[in-house]
Every structure is written in structure tokens, then in C-alpha cells.
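Single-letter residue listing:
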Amino acid sequence: MQSGIPWPEPDQSEEMVLETAIERHRTARLEIDGLFGLLARGDADGRPLDERLEMACAAAEAAWLAFLPYPVASLAGIRKKIAYVRSILAQGDELSTGELELLLRSIL
């Protein structure tokens, strides 16, 4: 799944890169939630929905794995990163040990 959110250029600010990764992750998670809603209501007609769900999950995972290890050095970047992780945890998700390690190593 390719969302309409372009990845920033390599010379973009730390904030812009974080914002893009967060937005890609949020967008993919919203799509996953919507697709599960369709499945729960029985509005799905099988395989195309399964493929869309698989693509949305892959997009969410890719965005998450781009976000977690992205190095942040500014206080604003650290705050943004921690705030987003807290929002994910507040939704009931958990961080694996590997994800936590990536996150902690990214804070310079």
C-alpha cells in the first residue's frame, strides 16, 4: 500500500521526517481499523479485503520500523517521538523488547 504521504527528502528536518513517519503509521492503522470494521459487519467479500488488510499491515509495520530507529537529537524531536509512542501504548499496544531497544537507541 502506498499512501499519498510522500517521504521527505534526505535533507529535510528531523521534525519533518518524524511527522511523515507518524502520519504514515497513523494512516495505515486507520485503514486497518476500517478493514476490520468491514469484516466484523460482514461487508467484505473475501480475498480483495484480505489483500488490502495485508497491504495495510505491511504499510503500518514499514512506517513503524522507519519511525522507531530514526535518530533524534533535539528536545522537540525526542518529545514528538515519546508522545507518539505514549499514544500507541495508551491504545493498548505494547512494545517488544526489540522495539524498545530501537526506540532508546534512537535518542541521541
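Above: the structure in question.
Our subject in this report is the structure included herewith.

Concerning helix 1 (residues 14-41)
Part 1 of the argument: Taking 1.5 Å of rise per residue, 28 residues should cover 40 Å, and helix 1 covers 41 Å from first to last C-alpha, within 8% of that figure.
Part 2 of the argument: Within two residues after helix 1, Gly 42 carries a phi angle of roughly 75 degrees, on the positive side.

Observations regarding the pattern of salt bridges
Part 1 of the argument: One pass over the full model with this rule turns up 4 salt bridges.
Part 2 of the argument: Note that Glu 19 and Lys 80 form a salt bridge whose closest N and O atoms lie 2.7 Å from each other. Residue Glu 19 is located in helix 1, and its partner Lys 80 is located in helix 3 (residues 75-90); the two are separated by 61 residues in the primary sequence.
Part 3 of the argument: When its relative accessible area of 32% is taken as the criterion, Glu 19 is described as partly exposed.
Part 4 of the argument: On the accessibility criterion, Lys 80 (23% relative accessible area) is partly exposed.
Part 5 of the argument: With a closest N to O distance of 2.4 Å, Arg 29 and Asp 93 form a salt bridge. Of this pair, Arg 29 sits in helix 1 while Asp 93 sits in the loop between helix 3 and helix 4 (97-106), and the two are 64 residues apart along the sequence.

So, helix 4
Part 1 of the argument: Residues of helix 4 that are buried: Glu 99, Leu 103 and Ser 106. Taken down its axis, helix 4 places every buried residue within 70 degrees of arc, on the same side. Exposed positions of helix 4 whose direction lies more than 90 degrees from the buried face are Thr 97, Leu 104 and Arg 105.

Regarding the packing of aromatic side chains
In this description, an aromatic ring pair is defined by two values, namely the gap between the centres and the angle between the planes.
Part 1 of the argument: Using the criterion set out here, one finds 3 aromatic pairs in the structure.
Part 2 of the argument: Ring geometry for Phe 67 and Tyr 84: centres 5.5 Å apart, planes at 80 degrees, overall edge-to-face. Of this pair, Phe 67 sits in helix 2 (residues 47-67) while Tyr 84 sits in helix 3, and the two are 17 residues apart along the sequence. Each member of the pair, Phe 67 together with Tyr 84, is buried.
Part 3 of the argument: Through a chain of ring-to-ring contacts, three or more aromatic side chains come together here, namely Trp 64, Phe 67 and Tyr 84.

Observations regarding the nonpolar core
Part 1 of the argument: Ranked by size, the top nonpolar core spans 11 residues in total: Leu 18, Ala 21, Ile 22, Trp 64, Phe 67, Leu 68, Val 72, Tyr 84, Val 85, Ile 88 and Leu 103.
Part 2 of the argument: Going through the elements one at a time, helix 1, helix 2 and helix 3 are the ones with two or more residues in this core.
Part 3 of the argument: Other than its neighbours up to four places away in sequence, Ile 88 contacts His 25, Arg 29, Trp 64 and Asp 93.
Part 4 of the argument: Among the nonpolar cores identified, the runner-up in size contains 8 residues, and Leu 49, Leu 53, Ala 56 and Ala 59 belong to it.

Cut-offs applied
Residues numbered from 1 in each chain as written. Predicted model: local features only at pLDDT ≥ 70, side-chain atom pairs only at ≥ 80, totals over all residues. Heavy atoms only, no water. Helix = DSSP H or I, 4+ residues; strand = E, 2+ residues; numbered from the N terminus. Expected span 1.5 Å × (residues − 1). Salt bridge = Lys/Arg side-chain N within 4 Å of Asp/Glu carboxyl O. Buried < 20%, exposed > 50% of the residue type's maximum accessible area, 1.4 Å probe, protein only. Arc of directions from axis to C-beta. Phe/Tyr/Trp six-rings, centres within 6.5 Å; stacked < 30°, edge-to-face > 60°. Core = buried A, V, L, I, M, F, W, Y, C linked by side-chain atoms within 4.5 Å. Contact = heavy atoms within 4.5 Å.

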